[in-house]
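Residue-level listing of the chains:
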Amino acid sequence: MENETQLVQVFTGSEISVVLLKGELDAIGIPAIIQNDFQSGVFAGFSGGFPSSIDLFIRESDLKQAEPIINQFIQDNKE
């Protein structure tokens, strides 16, 4: 039961990239959480984090199903 709620970081990138990947995961039924320390700091009135270091988390129990999507996304978006 603990693995079902344990979150794992699966991607770090720009806000646009993270939102796109989150959308792809959502489309196959995998919920994801975005952690944006930069935006949180702006809202709170101080600087925190970097705009290009936005993190995406999913449940550990979804990792096996999500890995092919994440790997393909990374491969398709190499700079």
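You'll find the structure just up there.
Residues numbered from 1 in each chain as written. Predicted model: local features only at pLDDT ≥ 70, side-chain atom pairs only at ≥ 80, totals over all residues. Heavy atoms only, no water.

Caption draft 1: Representation of the overall build of the chain in the model. Tallying secondary structure elements over the chain gives four helices and three strands in all. In the chain, the succession of α and β elements from N to C terminus is α-β-α-β-α-β-α. For the chain, the residues scored as buried account for 25% of the 79 residues in total. Contacts in the chain between residues at least 24 apart in sequence constitute 72% of all its contacts with a sequence separation of at least 6. Taken as a whole, the chain presents about 5400 Å² of accessible surface, with 53% of it coming from carbon and sulfur. (Helix = DSSP H or I, 4+ residues; strand = E, 2+ residues; numbered from the N terminus. Buried < 20%, exposed > 50% of the residue type's maximum accessible area, 1.4 Å probe, protein only. Contact = heavy atoms within 4.5 Å. Areas by Shrake-Rupley, 256 points an atom, 1.4 Å probe, with all protein chains shown as cover.)

Caption draft 2: Fine view of the side chain of Asn36. On the secondary structure map, Asn36 appears in the loop between strand S2 (32–35) and helix H3 (37–44). Excluding anything up to four places from it in sequence, Asn36 contacts Glu15 and Ile54.

Caption draft 3: Region of the structure containing the packing of helix H2 (residues 15–27) against helix H4 (residues 63–76). Running from amino to carboxyl end, H2 crosses H4 at an angle of 145°, the nearest separation of the two axes being 10 Å. With respect to the hand of their crossing, H2 and H4 are arranged in right-handed fashion. Contact residues: H2 offers Ser17, Leu20, Leu21, Glu24 and Leu25, while H4 offers Ala66, Ile69, Ile70 and Phe73. (Axes fitted to C-alpha atoms, helices over the stretch in contact; angles between N-to-C directions. Left-handed = near helix turned anticlockwise from the far one by under 90°.)

Caption draft 4: Inspection of the packing of aromatic side chains at higher detail. Throughout the structure, instances matching the rule amount to one aromatic pair. Geometrically, the ring pair formed by Phe11 and Phe73 is edge-to-face, given 5.6 Å between the ring centres and 85° between the ring planes. Remark: Phe73 occurs in helix H4 and Phe11 occurs in strand S1 (residues 7–13); sequence separation between them is 62 residues. With relative accessibility at 5%, the residue Phe73 sits in the buried group. (Phe/Tyr/Trp six-rings, centres within 6.5 Å; stacked < 30°, edge-to-face > 60°.)

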